[in-house]
Amino acid sequence: MMDTLVSLCKRRGFIFQSSEIYGGLNSCWDYGPLGVELKNNIKRFWWRSMTQLRDDIVGIDASILMHPQVWVASGHVEQFTDPLVDCKSCKQRSRGDEVKDGKCPHCGSREITSPRLFNLMFKTHMGPVEDESAIVYLRPETAQGIYVNFQNVLNPSRQKLPFGIAQIGKAFRNEISPGNFIFRMREFEQMEMQFFVKPGTDMEWLDQWKTARLAWYGDLGLNPAKLRLHQHQNKELAHYAKDAYDIEYEFPFGWKELEGIHNRTDYDLSRHQKHSGKDLSYFDDEKNERYIPYIIETSAGVDRTLLTCLVDAYHEEEVRGEKRVVLKLHPRIAPMKAGIFPLVKRDGMPELARKVAHELRSHMPVFYDETGSVGRRYRRQDEAGTPFGITIDSQTLQDETVTIRDRDTMTQERAKISDLAGILQKRIYG
Ligand code: GAP
C-alpha cells in the first residue's frame, strides 16, 4: 500500500523526492501544489486549536540556529545519540534497536559490529572559519527555542502559570535509518507546545494533555480505532522525561508514534538557568512563592501527521466494475475544496463555470477543469481528496442552479449558485 500511496502522491502533486533530477537525496522530500496546501491546513488547524481558541497558550517562532551552549545545557550534545551497528557482510548500517537476535536486519548476517553511539545532531559552522569554536547545530527539536525564551514571553504576554508556548518549525536529525516515505526524515517539521505548570500539578496536566491531544487527531478526521496511547517504559524514556506517552497510529507497517507527550519536569529550565546564569524561575505573587516551573510537552510531527492523514484517507472501491481511488480527507484539511466542471465545452457553460469558480475562490481554494469526460474529472478530484464537485449543465443556463457531488457518497443534489458558498462553507468548516 505504501508504494501505491507514494506513486499517487507524485502523480497528483502532493510529494516529490528532493532533488529528484539528480537521483534524489535520501530521506528528504518536497511538497508539491496539493501537498503544501494539505500541510498548511494541518498546521493551521493545530495552531488554531492550540493557540487562537485558548487564552492560556501563546505562540512564537524562534530561529533554527541557536547558541551552541543551548545543546550542551539541554543534554543533546551528550545524550542525543542512537546506537549504530555496521554489518560486515552487506555493509549496511542499522540502529541498535533494529537488530534482533544479533542479526543484521538487512541480510540476516551475524557478522555485525558492537553498537557505538552516534549523535543525531547535524553540525555546521557559523562564519568563515571552520574551527571548533564556530560549530553550531541545526536544531533537533523546536522545544529549546521555547525554553530559552520563557522569560521573554512571560512578561509581555502577562500570562500566569499554568500557561503554554507553542511553535511550529523545522527540525533536523541525522537519522541512521530514515524511511517509510515521510515517516522518518532527516529534515522535518514539528508542532510543539510547552505547558508550564506548578510542580506537583504536573501529573494531572500530563493526564489532561494526553486526552486532549488524542481527541485532536479524531477532530482531524482520523479513524479513532487506529489511534491509541502508549505509555513509555523506563528504558524508552528520553533523557529529559519523568513520564511520557506516545499517540500511536496503526500504519501499514505497524503501530508507530505520531506524537510524544512528555513530563519534562524542571529539567530544561533548571539546566538553562545553570548554564546561562540567568534566573528562569517563576514568582507566584498570589501565593508569594518562587519556583522553577515543570513542563508538560506535546510534540507532534507535521509530516508524520500528513502521512497519517493520507494513509487513513486512502480508499479503493469498485464502482460499476471499475476501480475508484479516493482520498477521503476531512474537508477541513483537503487541499482543494471543490472541483468546478462545465458539463461540455460549449453553449456558454465554460464561461459560466469560470464565473462560479472565480466567485468561490474568495471563500476557498477551488480547481477549474474542463478537459475529458465529467466522469474522469470527478475521478481526478477523488484522487486529490477534493470533497465536492460542482457541475454546470444545461439546466444551469436556465435556472442558475448547479449540481453538488459529494466525493464520499457520490450522491448529487441541485443548489442555487447564489447559495453555493454558504452551503460548502458549512459542510467544510462546520
Ligand atoms: N521535543 C520532543 C521531541 O522532539 P520526539 O518524540 O523525538 O520528541 C516528536 O519527536 C515528534 O516529532 C514525533 O512524534 C514525530 O511525529 C516527529 N519526528 C521525530 N523525528 C522525526 C523524523 N526523523 N522524521 C519525521 N518526524 C519526526
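Residues numbered from 1 in each chain as written. Predicted model: local features only at pLDDT ≥ 70, side-chain atom pairs only at ≥ 80, totals over all residues. Heavy atoms only, no water.

## With respect to the pairing of strand β13 (residues 254–265)
Relative to β13, strand β12 (residues 243–251) is paired through 9 bridges, and the arrangement is antiparallel. The partner of Tyr 245 across the bridge, within β13, is Ile 261. The hairpin formed by β12 and β13 contains 2 residues between the paired strands. Summarising the sheet, β13 and strand β16 (residues 294–301) pair through 6 bridges and their orientation is antiparallel. Note on β16: the bridge partner recorded for Thr 265 is Ile 295. (Pairing = 2+ DSSP bridges. Helix = DSSP H or I, 4+ residues; strand = E, 2+ residues; numbered from the N terminus.)

## Notes on the site of the ligand
Surrounding the ligand, one finds 21 residues, the nearest of these being Glu 141, Met 185, Glu 192, Glu 257 and Glu 297. The backbone of Leu 258 places a nitrogen or oxygen atom 2.8 Å from an oxygen atom of the ligand. Taking 550 Å² as the accessible area of the ligand by itself, protein coverage stands at 93%. Among the cavities detected, the one that contains the ligand is the largest pocket. The set of elements that each furnish at least two residues to the shell around the ligand consists of β10 (187–197), β13 and β16. Considering each element in turn, the shell around the ligand owes the most residues, 6 residues, to β13. Split into classes, the residues belonging to the shell around the ligand amount to 6 nonpolar, 5 polar and 10 charged. (Near = heavy atom within 4 Å. Polar contact = N/O pair within 3.5 Å; in protein donor to acceptor, adjacent residues only side chain to side chain. Areas by Shrake-Rupley, 256 points an atom, 1.4 Å probe, with all protein chains shown as cover. 1 Å grid on protein atoms, 1.4 Å probe; cavity = no way out; pocket = protein on both sides within 12 Å on 5 of 7 lines; lining within 4 Å. Sits in = over half its atoms within 2 Å of the grid points. Nonpolar A, V, L, I, M, F, W, Y, C, P; charged D, E, K, R; others polar.)

## Quick look at empty space enclosed by the protein
The tally for this structure, following the rule as stated, stands at 1 cavity of 30 Å³ or more. The volume enclosed by the largest cavity comes to roughly 30 Å³. Lining the largest cavity are Phe 341, Tyr 378, Gln 381, Asp 382, Thr 386, Phe 388, Gly 389, Arg 405 and Arg 407. Those elements that provide at least two residues to the lining of the largest cavity are α11 (374–384) and β21 (388–392). The element best represented in the lining of the largest cavity is α11, accounting for 3 residues. Here the residues of the lining of the largest cavity are counted per class, giving 3 nonpolar, 3 polar and 3 charged. (Points joined across faces, edges and corners; volume = space filled by probe spheres on them.)

## A few points about helix α9 (residues 302–313)
Across its 12 residues, α9 extends 16 Å between first and last C-alpha, which sits within 8% of the 16 Å expected from 1.5 Å per residue. Judged by how many residues are buried, α9 sits mostly within the fold: 12 of 12 residues are covered. When α9 is considered as a whole, its buried residues turn out to be Val 302, Asp 303, Arg 304, Thr 305, Leu 306, Leu 307, Thr 308, Cys 309, Leu 310, Val 311, Asp 312 and Ala 313. (Expected span 1.5 Å × (residues − 1). Buried < 20%, exposed > 50% of the residue type's maximum accessible area, 1.4 Å probe, protein only.)

## Focus: the sheet that holds β16
In sheet architecture, strand pairing relies on hydrogen bonds along the backbone and comes in two forms, parallel and antiparallel. Read from one edge of the open sheet, 7 strands run β3-β9-β10-β16-β13-β12-β11, paired in mixed fashion. Among the strands making up the open sheet, the edge pair consists of β3 (57–59) and β11 (227–231). Ignoring strand direction, the axes of neighbouring strands in this sheet form an average angle of 25°. Both β10 and β16 contribute to a ladder of 8 bridges, which runs antiparallel. Bridge pairing in β16 places Phe 195 opposite Ile 296. (Axes fitted to C-alpha atoms, helices over the stretch in contact; angles between N-to-C directions.)

## Overview of the domain arrangement of the protein
Accessible area lost on assembly of the parts is the figure often given for the size of an interface. Examined at the domain level, the protein breaks down into domain 1 (32–65 + 124–310) and domain 2 (336–429). Computed over C-alpha atoms, the centres of domain 1 and domain 2 are 40 Å apart. (Domains from an automatic or database assignment.)

## Some details on the packing of aromatic side chains
Overall, the coordinates contain 15 aromatic pairs when judged by the stated rule. On the basis of an interplanar angle of 25° and a centroid distance of 5.5 Å, the ring pair of Phe 163 and Phe 196 is categorised as stacked. Here Phe 163 is found in strand β9 (residues 163–172), whereas its partner Phe 196 is found in strand β10, with 33 residues between them in sequence. What makes Phe 196 buried here is its relative accessible area of 0%. Note on Tyr 282 and Tyr 291: the rings are 5.9 Å apart at their centroids and 55° apart in plane angle, and the pair reads as tilted. On the basis of relative accessible area, Tyr 282 is assigned to the buried category, the value being 6%. On the basis of relative accessible area, Tyr 291 is assigned to the buried category, the value being 12%. Grouping aromatic residues by their ring pairs yields a cluster made of Phe 183, Tyr 249, Phe 251 and Phe 253. (Phe/Tyr/Trp six-rings, centres within 6.5 Å; stacked < 30°, edge-to-face > 60°.)

## With respect to the sheet that holds strand β19 (residues 338–342)
Taken together, the 5 strands give an open sheet; going across it, the order is β20-β19-β21-β22-β23, and neighbouring strands pair in mixed fashion. Taken across any chain shown, the strands that pair with only one partner, and hence form the sheet edges, are β20 (366–368) and β23 (412–416). Sheet twist, expressed as the average angle between the axes of neighbouring strands with direction ignored, equals 25°. Direction of pairing for β19 relative to β20: parallel, over a ladder of 3 bridges. Paired with Gly 339 across the bridge in β20 is Phe 367.

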